[in-house]
Amino acid sequence: NDRRTGQDLKITKRFDGFSFSASRALSDEEDYNSRAFGLEANWELNSKLTTLTAGYGKSNDRVGSSDNPALDEPRYTREYLIGVTQVLSPVSLVQSTLQHSRGEGWYNDPYKFTVTFYPSGPPAVMTDRRPSERNSWSWLTRYRHHFADAKGTLQADYRYFHDGWGVNAHTFEAAWERDLGAFPYADGTWSVRPALR
């Protein structure tokens, strides 16, 4: 059994065409504690058809293990984000963001073990071992187009991810979100979203 307690707070101040946000997040589990904060700025241009975004976040985590009460290791992460959202028409927009993350500390999974089979001799069981730092880049681009007559929105996403551990990943997703309207005795509206990733 495990229980997670989380708290999130975000405050936003809006000016003429500009907004600034500060956030704080706390999370506690039996084997993982996290303390994080973030700053974000948005600037609307071109009669609010273009929005520029910049953000910074930092988290200080402690990694433990219910199997090993003596385990108490730190993990620090800093994240940077820049992005742009462009309204193309009254029914379509495109958004692109670039995110960079720099992390250091304990990345091993305290619950994961590997079994290595040698040509001669018995197999060996080893604990999970990973590098003590992880730096990554990710680029996400989204396109949305709403079809009013069909009451649906076409959604297309592409994400590229690269990190210092040698991981290179391409993710494509296409979806169609269809508005089903309000149901009796239900608040708000319902929709269905089939997707292919």
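Look above for the structure.
Residues numbered from 1 in each chain as written. Predicted model: local features only at pLDDT ≥ 70, side-chain atom pairs only at ≥ 80, totals over all residues. Heavy atoms only, no water.

Considerations on a nonpolar patch on the surface
Next, step 1: A cluster of nonpolar side chains, F15, F18, F20, F37, L39, W43, L52 and V84, forms an exposed patch at the surface whose accessible area comes to about 700 Å².
Next, step 2: Of all the secondary-structure elements, those providing two or more residues to the nonpolar patch are β2 (18-28) and β3 (32-45).
Next, step 3: The greatest single-element share of the nonpolar patch, amounting to three residues, is contributed by β3.
Next, step 4: Here F20 lies in strand β2.
Next, step 5: With a relative accessible area of 35%, F20 lands in the partly exposed category. (Patch = residues over 30% accessible without salt bridge, like charges linked within 9 Å, V, L, I, M, F, W, Y side chains within 5 Å. Areas by Shrake-Rupley, 256 points an atom, 1.4 Å probe, with all protein chains shown as cover. Salt bridge = Lys/Arg side-chain N within 4 Å of Asp/Glu carboxyl O. Helix = DSSP H or I, 4+ residues; strand = E, 2+ residues; numbered from the N terminus. Buried < 20%, exposed > 50% of the residue type's maximum accessible area, 1.4 Å probe, protein only.)

Digging into the pattern of salt bridges
Next, step 1: Counted under the stated rule, the structure contains seven salt bridges.
Next, step 2: With a shortest N-O distance of 2.7 Å, R134 and D163 are connected by a salt bridge. Highlighted residues: R134 in strand β9 (residues 133-147) and D163 in strand β10 (residues 152-163), separated in sequence by 29 residues.
Next, step 3: For R197, the salt bridge goes to E173, with nearest N and O atoms at 2.9 Å. Taken together, the residues span a long stretch of sequence, with R197 in the segment after β13 (195-196) and E173 in strand β11 (residues 168-181) at a distance of 24 residues.
Next, step 4: With relative accessibility at 71%, the residue R197 sits in the exposed group.
Next, step 5: The class for E173 is buried, based on a relative accessible area of 15%.
Next, step 6: Put simply, E173, R193 and R197 are held in one network by salt bridges that share partners.

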